Amino acid sequence: MKLGKKFGLGIVVASCLLLAACGKSASSSAGNLADKQVINWDEPSELPTMNISTATDTISFDMLNNTGEGLYRIGKKSKIEPGIAKTTKVSNNGLKYTFTLRKNAKWSNGDQVTAKDFVYSWQRTVKPATGAEYSYLFDGIKNADAIVAGKKSANTLGIKAEGNYKLVVTLEKHVPYFKLLMGFPVFFPQNKATVEKYGSKYGTASKYSVYNGPYVMKGWTGSNLTWSLRKNKDYWDKKAVKLSQINFAVNKSTSTSYNLYQSGKLDETLLGAEQAKQLSNSKDFTPRKESRISYLEYNQTQKEFQNKKIREAISLAINRTQLVKKVLGDGSTTAPGIVSSGLASYQGKDFATAAKTSAGISYNKQKAQKLWQEGLKELGVKKFDFTLLADDTDSAKNVSEYIQSQLEENLPGINVSVENVPFKTRLTRAENGNFQVVLSGWGADFSDPITFLQLFTSGNSYNDGKWKNSQYDKLIDASGTTNATNGSKRWQNMIDAAKILMQDQGVAPLYQQTQATLVKPKVKGVIYNSAGVSYNFKDAYVTK
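Since we're looking at a predicted model, the values are computed, not measured.

**Student:** Could you clarify how one ought to interpret the pattern of salt bridges in this entry?
**Tutor:** Any two side chains of opposite charge can pair, so long as their charged atoms come close to each other. Summed over the entire model, instances satisfying the criterion amount to 19 salt bridges. With a shortest N-O distance of 3.0 Å, Lys173 and Asp139 are connected by a salt bridge. Separated by 34 residues along the polypeptide, Lys173 in the loop between strand E7 (166-170) and helix H5 (178-181) and Asp139 in the loop between helix H3 (115-126) and helix H4 (144-148) bring together distant segments of the chain. Between Arg292 and Glu290 there is a salt bridge; the shortest N-O distance is 2.9 Å. Pair check on accessibility: Arg292 and Glu290 agree, each one buried.

**Student:** Help me understand the packing of helix H17 (residues 470-480) against helix H18 (residues 487-503), please; the structure alone is not making it clear to me.
**Tutor:** Helix-helix packing is described using two parameters, namely the angle between the two axes and the distance between the axes. At their nearest, the axes of H17 and H18 sit 8 Å apart, and the two run at 155° to each other. The orientation of H17 relative to H18 falls into the category roughly antiparallel. In the packing of H17 onto H18, the handedness of the crossing is left-handed. Between H17, through Gln471, Tyr472, Leu475, Ile476, Ala478 and Ser479, and H18, the contact on the second element is made entirely by Arg490, Asn493, Met494, Asp496, Ala497, Ala498, Ile500 and Leu501. A class-by-class count of the residues in the contact of H17 with H18 yields 9 nonpolar, 3 polar and 2 charged.

**Student:** Would you explain the side chain of Gln275 in this entry?
**Tutor:** Assignment of secondary structure puts Gln275 in helix H8 (residues 273-279). Excluding its chain neighbours within four sequence positions, the residues that come into contact with Gln275 are Thr254, Ser255, Tyr258 and Leu270.

**Student:** Explanation requested: H18 in the structure shown.
**Tutor:** Helical geometry: 3.6 residues make up each α-helical turn, so side chains three or four residues apart lie on a common side. Compared with the 24 Å implied by 1.5 Å per residue over 17 residues, the 25 Å span of H18 between its first and last C-alpha is a close match. Within H18, the full set of buried residues consists of Gly487, Arg490, Trp491, Asn493, Met494, Ile495, Ala497, Ala498, Ile500, Leu501 and Met502. Immediately beyond the C-terminal end of H18, within one or two residues, lies Gln505, with a positive phi of roughly 55°.

**Student:** Which parts of the structure should I look at to understand the packing of helix H10 (residues 308-316) against helix H13 (residues 365-379)?
**Tutor:** Running from N to C, H10 and H13 cross one another at 155°; their axes reach a closest spacing of 8 Å. Classified by the angle between their axes, H10 and H13 sit roughly antiparallel to one another. For the element pair H10 and H13, the recorded crossing hand is left-handed. Judged by residue contacts, Lys309, Ile310, Glu312, Ala313, Ile314 and Leu316 of H10 engage Lys365, Lys367, Ala368, Leu371, Trp372, Glu374, Gly375, Leu376, Glu378 and Leu379 from H13. Grouping the constituent residues of the contact of H10 with H13 by class yields 9 nonpolar, 1 polar and 6 charged.

**Student:** Whenever I open this one, the sheet that holds strand E4 (residues 85-90) confuses me. Can you help?
**Tutor:** By way of backbone hydrogen bonds, the strands of a sheet pair with one another, either parallel or antiparallel. Judged by pairing direction, the sheet is antiparallel, and its 4 strands sit side by side in the order E4-E5-E7-E6 without closing on themselves. Of all strands in the sheet, those bounded by a partner on one side alone are E4 and strand E6 (159-161). Adjacent strand axes in the sheet meet at a mean angle of 20° when their direction is disregarded. In terms of strand pairing, E6 meets E7 through 3 bridges, oriented antiparallel. Within E7, the residue paired with Lys160 across the bridge is Val168. H3 rests against strand E5 (96-101), E6 and E7 of the sheet, and its axis sits at about 150° to E6.

**Student:** Would you take a moment to explain the nonpolar core for this structure?
**Tutor:** Buried together is how nonpolar side chains tend to be arranged in soluble globular proteins. The biggest cluster of nonpolar side chains holds 110 residues, and the ones touching the most others in it are Phe99, Trp122, Val169, Phe187, Ile338, Leu453 and Phe537. Residue contributions to this core peak at 8 residues, all from H18. When neighbours within four sequence positions are excluded, Leu453 is seen to be in contact with Ile338, Val339, Phe351, Tyr472, Ile476, Met494 and Ala498.

Cut-offs and rules
- Residues numbered from 1 in each chain as written.
- Predicted model: local features only at pLDDT ≥ 70, side-chain atom pairs only at ≥ 80, totals over all residues.
- Heavy atoms only, no water.
- Salt bridge = Lys/Arg side-chain N within 4 Å of Asp/Glu carboxyl O.
- Helix = DSSP H or I, 4+ residues; strand = E, 2+ residues; numbered from the N terminus.
- Buried < 20%, exposed > 50% of the residue type's maximum accessible area, 1.4 Å probe, protein only.
- Axes fitted to C-alpha atoms, helices over the stretch in contact; angles between N-to-C directions.
- Parallel < 35°, antiparallel > 145°, perpendicular 65-115°, else oblique.
- Left-handed = near helix turned anticlockwise from the far one by under 90°.
- Contact = heavy atoms within 4.5 Å.
- Nonpolar A, V, L, I, M, F, W, Y, C, P; charged D, E, K, R; others polar.
- Expected span 1.5 Å × (residues − 1).
- Pairing = 2+ DSSP bridges.
- Core = buried A, V, L, I, M, F, W, Y, C linked by side-chain atoms within 4.5 Å.

Okay, here's the thing in structure tokens:
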């Protein structure tokens, strides 16, 4: 999942369907609820979209997750919880899923949520004309890849409605993390009448959407910096929802949001580096360890960045330990590689540890200077200027300025300009290849290393830098086909691929993010997951 940010055989995740209704535990433990069930939440950047098919970022997915619902919901510690599906039946060969849907699920416009809404949504997302960057997640569902490639019609996708309340999904290969995907917003249903009514306006403002989740959105115009989620009176499990309203406000400066927090106008705020250091002993201090890796991505359609020595020199010239301790100071750690630590393990060993190599994540000024001079000579130049694209948040500004100073200090003949732009702008420019080097990042969409590794295959829409390696592509393909049901071989495929990416300097991982926050003690029941959608407010409530 795109950062400002986004589900395996042998992977330590819970994937059993819980029988108890969502929110039951929160209901029994809430105690004395406050009379006013309202919370005020801080956001670091604008909300880009509410279009399920085209969303790519954390903020959009947080909003979609709380205003929508799929076959399952993802609960605490990434556990599968009941959603629109009442029961699930899996065929003996594991390639056919039959979901029986609940009959009391409704859209906020009064329409029933039916199996046809899932069929419509999935077909819409995989159609090439939609331009959905997340269409690659449908890989493994019958005919999905052929549809995305424009070789088959979307109506051949392996999903069909048998009446209004039975949904059948057919796979063409095993997808070890399939159930976790079903709780991710890209696989949520969409109301056809609404999409067709609003056309190109669909999902661009709260009034151009319809909702089937715990909350409905109000007050978002598409460009403003405040909006709210209000309890959905038509939600099938509305009795479990305690909050009446969640107010969101975008504050790009943590100084501003902290002042609002202190004055009681916010119940949660993100913290900057110095704030985190000073407030780490506060009772409100809440560090959010994230399965997110921030990295530099090079535009490898440009000859300068096609040179491995240039890429390697830039990576080696950055002191990541100093970056996380002196610049960030929020508990973030140096990147172990392109896959975050703590995401997934096999036979007791964490993937990041198993795949770790010094290539791509080390600091070595002497080696960086040597490679830099060799790279410049191969390019036939004596100096090199480029622009580093990054977000305009306080944190991104600090990190990009630090990288600028490190490179100009350690690499003679380099001149780095920093361009800080709004999050939405940075996403669009990166996707369009309108950059030289971009400070980017990815948060795991589900608890499996493939969520990071598949990004850098040669045909992936998220491979903004256009790095290519045929052996890497073969390993990622094998992990999802021939070795999909062999835990040991699949694991080794992914380890080998991760090492190739690092050794070839495809990207330069910088740090694994920990987001330091303050949260008022009165706010209870908020579910936070480091992988997939970050926040689930369904069970949240306020105490007196």
